[in-house]
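For reference, the chains in residue letters:
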Amino acid sequence: MTKNDENGGYRRYWTSWIFLLCLNLVMVIIGSASLSRNLQTPLLLLGMLLMAWIIAFRFMALADENVGLTVTIIGCTLFAGGTLFLLIAFDGVRTFALSLH
Amino acid sequence: METVQTIERTEAFESPWAGGVSPFKTSWQKLMMWLFIIGDALLFAGFLAIYGFVRLASPSWPNRAEVFHLELIALMTTALISSGATMATAVEAARRGHWRMVVRFLLLTLAGGLAFLGMQAYEWSQFIAAGATLQSNPWGVPPFGASFFLITGFHGAHVSIGIVILLITAVRSATGRSRAGGLELAGLYWAFVDLVWVFIFPLFYLI
């Protein structure tokens, strides 16, 4: 392994770090700006997902894992998370409806 | 007899249902860590979903700009993200056998984690001093205080456990008893703590 390869390996973590710090700053600015809720919320959610993607694929090295493992992890989390959300959603909607009366 | 047992064991390991000796071409320790992470992620997903519904069901919700110091929260996020980068570097250094570098970056990760916990303790002390408890708070929305203490407290507990793991890993690495695989598991756990905060940060403090 050459010195350049070695530095390249480390460099990808630190470029991700700089990108994450910039995203953090942008999100705080958006969060404290007086934007309309319809614009602010999707922007913040997009920033959140981007940060999560960078951490999962770079810091957790999911990008270097076997494709089957990556698909299983993401698939399991989304499926189980979605099921959990639906289970809570029924009660949540009922509570919300009660709060309106 | 021994031959029969060996054949049975080999068949069990190599059957398609068992996934072979190394399912997904990864170590079983790493696979178990991923399963733990998925399970723990669902716990946090449940907390955040409940928080969302409680917030929707409440007729009003405190203005976050009046309650939180966003500069402090941004600093907390910076500390945790930076510790994530130092941990990833330590894991990479372990893979290459640079153990001195591993110890150095593990200590930096520990410093980041402790800085985050210190800032969280300060934030909690401010909240408690203002009169917030699990049941009530000065902003008049009882579920707000409960959600805050539950979600940030649960995450803080994960950070504390991570710090203990990092401390043990640093000592083991410094004394030459650690392996790259073990460090990778500690790295996965620490990155997961980072990942959870990335969801709590906008959903609780910004939106």
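On a predicted model such as this, the values are computed, not experimentally measured, just so you know.

## Quick look at the overall build of chain B
At step 1: The number of helices and strands found in chain B is 7 helices and 0 strands.
At step 2: Helices (α) and strands (β) of chain B occur, in sequence order from the N terminus, as α-α-α-α-α-α-α.
At step 3: Out of the 207 residues belonging to chain B, those deemed buried represent 51%.
At step 4: Taking all contacts inside chain B whose residues are at least 6 apart in sequence as the whole, residues at least 24 apart take part in 76%.
At step 5: In the structure as shown, chain B presents an accessible area of about 9,900 Å², 68% of it carried by carbon and sulfur atoms.

## Some remarks on the overall build of chain A
At step 1: The helix and strand tally for chain A stands at 3 helices and 0 strands.
At step 2: In sequence order, chain A lays out its α and β elements as α-α-α.
At step 3: Looking at chain A residue by residue over its 101 residues, the buried ones come to 34%.
At step 4: Sequence-distant contacts, at least 24 apart, represent 57% of the contacts inside chain A between residues at least 6 apart.
At step 5: Within the structure as shown, chain A displays about 6,300 Å² of accessible surface, and the carbon and sulfur contribution to it stands at 73%.

## A look at the layout of surface pockets
At step 1: The volume enclosed by the largest pocket comes to roughly 1,400 Å³.
At step 2: For the largest pocket, the lining is made up of 40 residues, of which Met 48, Leu 49 and Leu 78 of chain A together with Ala 45 and Phe 199 of chain B are closest to its centre.
At step 3: Looking at the lining of the largest pocket, the elements that each hand over two or more residues are helix 2 (37–59) and helix 3 (67–100) of chain A together with helix 2 (28–57) and helix 7 (180–206) of chain B.
At step 4: Across the lining of the largest pocket, the residue classes tally to 33 nonpolar, 5 polar and 2 charged.
At step 5: There are two domains that each give the lining of the largest pocket at least three residues, and those are domain 1 (1–64) and domain 2 (66–101) of chain A.
At step 6: Considered as a void within the structure, the second largest pocket measures approximately 180 Å³ in volume.
At step 7: Lining the second largest pocket, in full, are Ile 165, Ile 168, Thr 169, Arg 172, Arg 177, Ser 178, Arg 179, Gly 181, Gly 182, Leu 183, Leu 185 and Ala 186 of chain B.
At step 8: Sorting elements by how many residues they give to the lining of the second largest pocket places helix 7 of chain B first, with 5 residues.
At step 9: Partitioned by chemical class, the residues of the lining of the second largest pocket number 5 nonpolar, 4 polar and 3 charged.

## What to know about the interface of chain A and chain B
At step 1: At the interface, 49 residues of chain A touch 49 residues of chain B.
At step 2: Taken together, both faces of the contact between chain A and chain B bury some 4,100 Å²; the carbon and sulfur share is 77%.
At step 3: By the criterion of area lost to chain B, the three top residues of chain A are Tyr 10, Met 48 and Met 60 of chain A, representing 16% of everything that side buries.
At step 4: For the pair chain A and chain B, the number of links is 1 salt bridge.
At step 5: The partner of Glu 65 of chain A in a salt bridge is Lys 30 of chain B, with the nearest N and O atoms 2.5 Å apart.
At step 6: Counting the contacts that link chain A with chain B gives 8 residue pairs in polar contact (both at pLDDT 80 or more).
At step 7: Those elements that place two or more of their residues in the side of chain A that touches chain B are helix 1 (3–32), helix 2 and helix 3 of chain A.
At step 8: Ranked by residues supplied to the side of chain A that touches chain B, first place goes to helix 3 of chain A with 16 residues.
At step 9: For the side of chain A that touches chain B, a count of residues per class yields 30 nonpolar, 14 polar and 5 charged.

## Some details on the confidence of the model for chain A
At step 1: Looking at chain A as a whole, its pLDDT mean stands at 86, while 88% of the residues score no less than 70.
At step 2: Between the elements of chain A, mean pLDDT differs from a low of 81, seen in helix 3 of chain A, to a high of 93, seen in helix 2 of chain A.

## Things to note about empty space enclosed by the protein
At step 1: Applying the stated rule across the entire model yields 2 cavities of 30 Å³ or more.
At step 2: Along the walls of the largest cavity sit 13 residues, with Phe 59, Met 60 and Ala 61 of chain A together with Val 91 and Arg 95 of chain B positioned nearest its centre.
At step 3: Those elements that place two or more of their residues in the lining of the largest cavity are helix 2 of chain A together with helix 4 (70–95) and helix 7 of chain B.
At step 4: Among the elements that make up the lining of the largest cavity, the one with the highest residue count is helix 4 of chain B (4 residues).

## Some thoughts on the pattern of salt bridges
At step 1: Counted according to the given criterion, the structure contains 6 salt bridges over all chains.
At step 2: In this structure, Lys 30 of chain B engages Glu 184 of chain B in a salt bridge whose closest nitrogen and oxygen atoms are separated by 2.6 Å. Of this pair, Lys 30 of chain B sits in helix 2 while Glu 184 of chain B sits in helix 7, placing them 154 residues apart in sequence. Here the two residues Lys 30 of chain B and Glu 184 of chain B agree in accessibility, since each one is buried.
At step 3: Arg 95 of chain B is the partner of Glu 92 of chain B in a salt bridge, and the nearest nitrogen-oxygen pair spans 2.9 Å. Here Arg 95 of chain B and Glu 92 of chain B lie together in helix 4, a separation of 3 residues that amounts to about one turn.
At step 4: Counted as one network, the salt bridges with shared partners bring together Glu 65 of chain A together with Lys 30, Glu 92, Arg 95, Arg 96 and Glu 184 of chain B.

Rules of the game
Residues numbered from 1 in each chain as written. Chains lettered and ligands numbered in written order. Predicted model: local features only at pLDDT ≥ 70, side-chain atom pairs only at ≥ 80, totals over all residues. Heavy atoms only, no water. Helix = DSSP H or I, 4+ residues; strand = E, 2+ residues; numbered from the N terminus. Buried < 20%, exposed > 50% of the residue type's maximum accessible area, 1.4 Å probe, protein only. Contact = heavy atoms within 4.5 Å. Areas by Shrake-Rupley, 256 points an atom, 1.4 Å probe, with all protein chains shown as cover. 1 Å grid on protein atoms, 1.4 Å probe; cavity = no way out; pocket = protein on both sides within 12 Å on 5 of 7 lines; lining within 4 Å. Points joined across faces, edges and corners; volume = space filled by probe spheres on them. Nonpolar A, V, L, I, M, F, W, Y, C, P; charged D, E, K, R; others polar. Domains from an automatic or database assignment. Buried area = accessible area lost by both parts, 1.4 Å probe. Salt bridge = Lys/Arg side-chain N within 4 Å of Asp/Glu carboxyl O. Polar contact = N/O pair within 3.5 Å; in protein donor to acceptor, adjacent residues only side chain to side chain. pLDDT = per-residue confidence, 0-100.

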